[in-house]
Amino acid sequence: MDEDQQSAPPLTLWWWKLQQRFVLLPLFAIAIIFGIGFAAYTLLEARASQQVLIASTEKHLLEFVQQQARGLNIRLDAIARRGQLFASQTQRALIHPAPNPTDAELQVTDEGVLHKAFNDGGAALFFSALYPRDPQKDRLTAARLLSLQSLMTDLYRTESLIQQVYINTARTEHVIYPFIQVLKQYPPHTDVRDHAFFYSADEEHNPRRTPVWTPVYLDPAGRGWMLSNVAPVYLGNTLTAVVGMDITVQAFVSQLQQIELPWDGAYAMLLDAEGMVLAMPPQAEQDWGVKELTEHTYPKTPSSQLGNQFKPETFNLFQRPDFASLTLPMRQDPSGLLHVDLQQTSVVAWASVTETNWKFMLVVPEPTLYLETYTLSHEHQRILVAVAGVSISLWLILIILMWQRTKRTAYLFTEALASLYLTHNKLSKNHQSTPDDKGKLPQIKTNPFSLDIEALTNTQEFIQLQKVLNRACSAQGVCFNEYHQQEFYIWCQRLCELWFQRSHQPCVLITSTHEVLYFNHAWENHLGLGIQQPKTKEKIYELFRQQALPLYPETRLLQVTRDQSQGTNFLLYLVPLHMQPQIEDKTQEAALFLGICLDMSSIVEKQTRLSVNSQRVREASQIKSGFIAAVSNEARAPLNTVIGLAELLKEAGETQEHPFNAQHLGFIDAILESSNQLLAIIEDVGQLSDLEQGTTSIKPIPFQPESLVQDVLAQFESQAQAKALQIKADIDTRIPQYLLADEYRLKQVLNHLMSNAIKFTRQGHVHLNVDLIEGPAHPKANHNNQLWLRFAVSDTGVGIHALDTNHLFRPFSQLEMGYGREHGGAGIGLTLSKHLIEQMGGDIQVKSRIGQGSVFSVCLPCQPIEASQTQVQDAHILVVDDGPVNTMLARAILEKSGYQVSVVHDGYQALHCAKHTDFDLVLMDIFMPEIDGIETTRRWRASLHGHNRRIPIIALTANALEQDRDTFFAAGMNDYLGKPYRPTQLRQMVAKWLAYLHTESLSCSSMDP
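Presented here is an overview of the structure given in this document. Just so you know, these numbers come straight off a predicted model, no measurement behind them.

**Some details on the overall build of the chain**
And step 1. Counting secondary structure elements, the chain contains 27 helices and 31 strands.
And step 2. Residues counted as buried form 44% of the 1009 residues belonging to the chain.

**A few points about the pattern of salt bridges**
And step 1. Considering all chains together, one arrives at 18 salt bridges under this definition.
And step 2. Between Glu159 and Arg82 there is a salt bridge, with the nearest N and O atoms lying 4.0 Å from each other. In this pair, Glu159 is assigned in the loop between α4 (149–158) and β4 (164–169) and Arg82 in helix α2 (residues 11–95), connecting sequence segments 77 residues apart.
And step 3. Of the charged contacts in the structure, one is a salt bridge between Arg320 and Asp322, with a shortest N-O distance of 3.1 Å.
And step 4. Taking the relative accessible area as the measure of exposure, Arg320 reaches 15% and is therefore buried.
And step 5. Under the relative-accessibility criterion, Asp322 is labelled partly exposed at 49%.
And step 6. In this structure, a network of salt bridges that share partners links the residues Arg75, Arg82 and Glu159.

**Overview of the sheet that holds strand β14 (residues 358–365)**
One key point about sheets: their strands pair by backbone hydrogen bonds, in either a parallel or an antiparallel sense.
And step 1. Read across the open sheet, the five strands follow the order β11-β10-β14-β13-β12; overall the sheet is antiparallel. Two strands bound the open sheet, and with one partner strand each, they are β11 (277–279) and β12 (335–341). The sheet shows a mean angle of 30° between the axes of neighbouring strands, direction not considered.
And step 2. Sheet analysis places strand β10 (residues 267–271) next to β14, joined by five bridges and oriented antiparallel. Residue Met269 lies in a different strand from β14, and its bridge partner there is Met361.
And step 3. Docked against the sheet, helix α7 (residues 249–258) engages β10, β11 and β14, running at close to 70° with respect to β11.

**Quick look at the pairing of strand β26 (residues 853–865)**
And step 1. Along β26, twelve of the 13 residues are buried, which leaves the element largely enclosed by surrounding structure.
And step 2. Relative to β26, strand β22 (residues 738–741) runs antiparallel, the two being bridged by three bridges. The residue of β26 that forms the bridge with Leu739 is Pro864.
And step 3. Across eight bridges, the pairing between strand β24 (residues 787–795) and β26 is antiparallel. Note on β26: the bridge partner recorded for Val793 is Phe856.
And step 4. Pairing between strand β25 (residues 843–849) and β26: seven bridges, direction antiparallel. Its bridge partner lying in β26, Lys847 is registered against Val855.

**Topic: helix α23 (residues 907–914)**
And step 1. Within the span of α23, buried status applies to Gly907, Ala910, Leu911 and Ala914. Take α23 and look down its axis: the buried residues cluster within an arc of 95°, on one side only.
And step 2. Residues of α23 that are buried make contact with β27 (876–880), β28 (900–904) and α24 (933–943).
And step 3. Of the residues that open α23, the one with a side-chain oxygen 3.1 Å from the backbone nitrogen of Tyr908 is Asp906.

**Focus: the packing of α23 against α24**
And step 1. Contact geometry for α23 and α24: axes closest at 10 Å, N-to-C directions at 20°. By the angle between their directions, the pair α23 and α24 is classed as roughly parallel. With respect to the hand of their crossing, α23 and α24 are arranged in right-handed fashion. Contact residues: Gly907, Tyr908, Ala910, Leu911 and Ala914 in α23; Thr936, Arg939 and Trp940 in α24.
And step 2. Among the residues making up the contact of α23 with α24, the classes are represented as five nonpolar, two polar and one charged.

**Quick notes on the side chain of Asp287**
And step 1. Looking at where Asp287 falls in the secondary structure, it is placed in helix α8 (residues 285–288).
And step 2. It turns out Asp287 is buried and unbridged, and the closest side chain with the opposite charge, Arg320, is 11 Å from it.
And step 3. Within polar-contact distance, the side chain of Asp287 engages the side chain of Tyr267 at 2.7 Å.
And step 4. Separated by 3.5 Å, the side chain of Asp287 and the backbone nitrogen of Gln343 make a polar contact.

**Focus on the sheet that holds β27**
And step 1. With parallel pairing, the five strands of this open sheet are ordered in space as β28-β27-β29-β30-β31. The strands lining the two open edges of the sheet, one partner per strand, are β28 and β31 (975–978). Shown here is a sheet whose adjacent strand axes are inclined to one another by a mean of 20°, direction ignored.
And step 2. Here β27 runs beside strand β29 (residues 921–925); their pairing, made up of four bridges, is parallel. Residue pairing in the sheet places Val879 in a bridge with Leu923 of β29.

**As for a nonpolar patch on the surface**
And step 1. Together, Phe34, Phe38, Ile383 and Val387 make up an exposed nonpolar region whose accessible area comes to about 360 Å².
And step 2. Elements with a contribution of two residues or more to the nonpolar patch: α2 and α11 (371–430).
And step 3. Within the secondary structure, Phe38 is located in helix α2.
And step 4. Judged by relative accessible area, which is 30%, Phe38 ranks as partly exposed.

**Things to note about the nonpolar core**
And step 1. In this structure, Met269 and Trp288 are the most contacted members of the largest nonpolar core, which totals 84 residues.
And step 2. With eleven residues, α2 is the single largest residue contributor to this core.
And step 3. When residues no more than four places from it in sequence are discounted, the contact partners of Trp288 are Tyr267, Met269, Met280, Leu317, Arg320, Phe323, Leu326, Leu342, Met361 and Val363.
And step 4. If you look at the next biggest cluster of nonpolar residues, it comprises 39 residues, including Phe716, Ala741, Val770 and Val858.

**Quick notes on the side chain of Asn974**
And step 1. Its place among the elements puts Asn974 in the loop between α25 (962–971) and β31.
And step 2. Asn974 sits in the buried class, given a relative accessible area of 3%.
And step 3. Within the structure, Asn974 has its side chain in polar contact with the side chain of Arg941 (distance 2.8 Å).

Definitions and limits used
Residues numbered from 1 in each chain as written. Predicted model: local features only at pLDDT ≥ 70, side-chain atom pairs only at ≥ 80, totals over all residues. Heavy atoms only, no water. Helix = DSSP H or I, 4+ residues; strand = E, 2+ residues; numbered from the N terminus. Buried < 20%, exposed > 50% of the residue type's maximum accessible area, 1.4 Å probe, protein only. Salt bridge = Lys/Arg side-chain N within 4 Å of Asp/Glu carboxyl O. Pairing = 2+ DSSP bridges. Axes fitted to C-alpha atoms, helices over the stretch in contact; angles between N-to-C directions. Contact = heavy atoms within 4.5 Å. Arc of directions from axis to C-beta. Polar contact = N/O pair within 3.5 Å; in protein donor to acceptor, adjacent residues only side chain to side chain. Parallel < 35°, antiparallel > 145°, perpendicular 65-115°, else oblique. Left-handed = near helix turned anticlockwise from the far one by under 90°. Nonpolar A, V, L, I, M, F, W, Y, C, P; charged D, E, K, R; others polar. Lys, Arg positive; Asp, Glu negative; His and termini not counted. Patch = residues over 30% accessible without salt bridge, like charges linked within 9 Å, V, L, I, M, F, W, Y side chains within 5 Å. Areas by Shrake-Rupley, 256 points an atom, 1.4 Å probe, with all protein chains shown as cover. Core = buried A, V, L, I, M, F, W, Y, C linked by side-chain atoms within 4.5 Å.

Written out as structure tokens, the structure is:
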């Protein structure tokens, strides 16, 4: 090769430079742009995710704090309610006498201190020597106060936070539970009135006379640092005593430490309304620079009065300047969250306890709280590093592959050039080319590659504006004269114009004097309440054509009317801005009110239509009930005729003269059975109609539970025997012999339940259990001197699915599965039972499992009746009956039982006798000449006075239908006994009403008709 060939660059390098310029550099530029875009997107996405995660974490933290505050509020409210109950019971105890304690129980020291000598498991007693002691009066007072020991014990045991329960009187008389050695703890001349747990409840500090909380103080009873819930006890307008329940700081600390916090290193604190630390765990002491006061050393002997000792001011975070950035928002906002630099950067969240206005505060280190955020950030960083590493690796691989490809391409082109060179030599020889002087072929100086290479107005806006104006009002409250007021109003107008000029909601800004400062276009266009010039100082209430419009210091919804004739109603939502800062002359208030107006005309119109429709539904229901009642009454008469004729036909067919065959008698029995079933359905439907109309009455009468249960079992004994079922009843022996309730309605309910139990039980048993409910078994047990009974009907039938129990008490409904149409029935028995039991003040429940049976439980309140046997046996009974045989029978039965009996034969004689003789009970026949028993009873109740007017009157009649029962009760009768009756029935009826008459729980009003 010549010098030109030797100086020319190798083909491989030349081709590699081309690849770099036209392939690698464009690809690298594209990759750089893509990488920057991907990194930017990843970082922005990571930041957005972090912000969302931070917001979610902080929201969760704030919700957790608010939840804990609500839980603490519930406990404190419960303690306050216990304090109110404790105060009312103490007031009663101080009024009513109590048995005096024994001399061994109470002793007097040489200094004149009356105290309880030994621990009997109850409370300790300490009467200070500050006042001269009167032994007789002191023992009476001690007896009254010690009568509350059981209540104090219950208060102490039912709430784990409560450490002590006590009573302090104005005469320095002190009762405390649990028992302490009072002589070792209190000086003889202790004056409890000087302590916070007494004077915090007096008239000066607590004019509302409600339970209040004291600040944290050092307990003179030796339990260390604590705070109390105290309630005053007034006799008239005199503060007689203060009752209280103590909670130690250590108890609060333990409660805070028991909270399961989902963040490591977090802890909870409790502050009172003034910023004083009530309780903090040990890990908080280093952050806040104070050590919690959970222990205190008392002197061994109570040589002097132990005065009030409160927590030092260093515990008041609101007064410490080093925490001003935190405490200022805590004072203003009921709940919130801030970042604070403590021993480490932490997040402080708080929420107010509404019962006491305390602050529940939770401190969480930022690394712990935002752990997931930091983890997410690290994950994004690792992703970016991994993507960068993969990209670099791919580039290296691409460069290596392209270098290999370049060398291969250069080799192929070299071969092509060599082939071209040989071809050129051959052509030169064919054209007789001559060699040069040296005998070489001419060099090809042309490049073989001649290539062309160069070719934010919504609701949130409203809240934000409210905050801005609030801050402006607060700033103007420092110096606010009349000139500043006008300038400030102009500033507020401009701010509202910028904020609400495009809002679709009618908005208005007014002053505390009702003057309109600003309104937007929606206010004028939508409501038609425009103002030509705000400077005219037109009043807001004039726009609504009202005399006045009240403005309140808190947010209110006010309903206003624009046009009464057209029914144009609006709802004005007014938000006060700040707390009305005072101006210099103190004659006006400069508060502003920001309002949004809503058109309520359509809602009022819908409510009117709904009211009209509801009235129509009620009228339709009344018409339906009246129709059912009329049809039921009309159907009874022909149905009674069918039943009577069928019974006569059966009696005739069973005679020997014209006997019917067995098939005919079966037909008659089927007619009777179907007729009786139809009559029962008609009576149930009629009674359901009476319940819907509200005409069903409940008449409590004395009854014997045992007799009632036996009557119910006797009614269903034949049905149970026909199905080979075991039927029995168990009655609690603690139930009194006589009770007061509506026996007739109760028997109705038990009949329905027993009928269903036997109907749906193929084999096994049906049991009726009657139990006395005590204590927590029922929420109303032992209330108002009532006894609660549970009548439980259990069976081993097909059972009811849990999802079907809600449909059991719907009228005219039957369940599928075991309770299908195969059993028959109208489906209203349980509905009637539920209505009747609820009218009697009880409830009915069902528990059932498929294939195992059901238990229907009726819980019912009853009044116990107790009477002395002597009073009952000396009773004087008046028998009013025109039948000599009936009067002879009644006299014989009653005189044999030890009663004094008088007999008259008509109503006039009965009324005449009652004016001169006192009786204890009247047996009144219904059908008598002159005036019947119903009219006689009416006159008896209306004309007589004194004892005879209230005595029980029992009807003796052959009519015992539902409507007859209501007629008897409406006339003033108390019970009825159907004829013919057995001697035992008459004795039981008389005995229960005499017992009811002479019981101490009998009120005169209950006997009045």
